[in-house]
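Structure at a glance
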Amino acid sequence: MVKLTDRLQLMADFATPGRRIADIGTDHGLLPVYLYEQGIAPRAVMCDISEPSLAKAKALAAPLGDSENLIFRAGDGLHVLEAGEVDDIFIAGMGGILIGDILAEDPAKTGSFRRFILQPRNREAHLRYRLMEMGMNICANSLVREGRRICEIIVAEPGGLSETLPLPDSPQLEMPYEYERTPDDLIRRYAGMKIEKYEKIIAGLKAGNAPADGEISSCLDKIEYFRSFL
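Observations regarding the side chain of glutamate 174
One can find glutamate 174 in helix α7 (residues 171-174). Given a relative accessible area of 8%, glutamate 174 falls into the buried group. Side chain to side chain, glutamate 174 and lysine 194 meet in a polar contact 3.2 Å long. A polar atom in the side chain of glutamate 174 sits 2.3 Å from the side chain of tyrosine 198. If we ignore the near neighbours within four places in the chain, the residues touching glutamate 174 are Ala125, Arg128, Glu152, Tyr179, Tyr190, Lys194, Lys197, Tyr198, Lys222 and Phe226.

A closer look at the layout of surface pockets
Of the pockets and cavities examined, the second largest pocket occupies roughly 230 Å³. Lining the second largest pocket we find 15 residues, and of these Arg7, Leu8, Gly25, Thr26 and Asp27 sit closest to its centre. Of all the secondary-structure elements, those providing two or more residues to the lining of the second largest pocket are α1 (6-13) and α2 (30-37). Among the elements that make up the lining of the second largest pocket, the one with the highest residue count is α2 (three residues).

So, the pattern of salt bridges
Counting across every chain of the model gives 15 salt bridges. Put simply, glutamate 146 and arginine 149 hold a salt bridge, and the shortest N to O gap is 3.9 Å. Residue class for arginine 149 comes out partly exposed when judged on its relative accessible area of 31%. Residue glutamate 199 is joined to arginine 227 by a salt bridge in which the shortest nitrogen-to-oxygen separation is 3.7 Å.

Focus on the pairing of strand β6 (residues 136-146)
Bridge count for β6 against strand β7 (residues 149-158) is 10 bridges, and the pairing is antiparallel. Each bridged residue has a counterpart across the sheet, and for methionine 136 the counterpart in β7 is proline 158. Between β6 and β7, which pair antiparallel and follow one another directly, the connecting turn spans two residues, one of which, glycine 147, has a positive phi of 65 degrees.

Quick look at the pairing of strand β1 (residues 21-24)
Of the two faces of β1, both are covered, the one formed by Ile21 and Asp23 as well as the one formed by Ala22 and Ile24. The sheet contact formed by β1 and strand β2 (residues 44-48) spans four bridges and is parallel. Bridging across to β2, isoleucine 21 finds its partner in alanine 44. On the question of chirality, the crossover connecting β1 to the parallel β2 by way of α2 is right-handed. Here β1 runs beside strand β4 (residues 88-92); their pairing, made up of four bridges, is parallel. Counted as the bridge partner of isoleucine 24 is isoleucine 91 from β4.

Criteria and thresholds
Residues numbered from 1 in each chain as written. Predicted model: local features only at pLDDT ≥ 70, side-chain atom pairs only at ≥ 80, totals over all residues. Heavy atoms only, no water. Helix = DSSP H or I, 4+ residues; strand = E, 2+ residues; numbered from the N terminus. Buried < 20%, exposed > 50% of the residue type's maximum accessible area, 1.4 Å probe, protein only. Polar contact = N/O pair within 3.5 Å; in protein donor to acceptor, adjacent residues only side chain to side chain. Contact = heavy atoms within 4.5 Å. 1 Å grid on protein atoms, 1.4 Å probe; cavity = no way out; pocket = protein on both sides within 12 Å on 5 of 7 lines; lining within 4 Å. Points joined across faces, edges and corners; volume = space filled by probe spheres on them. Salt bridge = Lys/Arg side-chain N within 4 Å of Asp/Glu carboxyl O. Pairing = 2+ DSSP bridges. Right-handed = clockwise from strand over helix to strand, strands pointing away.

In structure tokens form, the structure reads like this:
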């Protein structure tokens, strides 16, 4: 029986029972094999650009003996899937810019899937903006610890509301108003990290020679927003 880390377990918790899934950049295949073992996903496509990684996933899935519903494909991004072939897409451990590029490359194919459970390693605000730009509805945000890091999980679905896009540097893209399935102390810790980040930026700007009043003011506005979570 596969045992997941807290990060992968939280992603699994956002899976919808009975839906076919694909895991892009599957590596060892832990998440899709777990979802199949638990009877949550009846079909799982494990995709990775690395053949050695796929070999690890194959080894993990081999004891389950279901070559029809446990599928392995070597390739890049969503190229390995047909439009509508699965319902939900999982992508974990890639940068937010890369995930955004993968989803934006073929909008028609991306729109043929029902849900995206994403765990960017960085640039979460950029990814949220790209998702909204693509007409996605961000239906859940969550935080989880992984060692010393705090990881973000973003759940999005095609067919977002036709609202005005926020500014790309909006603090709401860095920390949405609400987080699901996240302890309050973790939210406060994350907000504290954001405050520390912008306090350091302000200190650097003040130490510089060029005028930076506008940038400092912007940082102070963001700090005020993040303090609302404390």
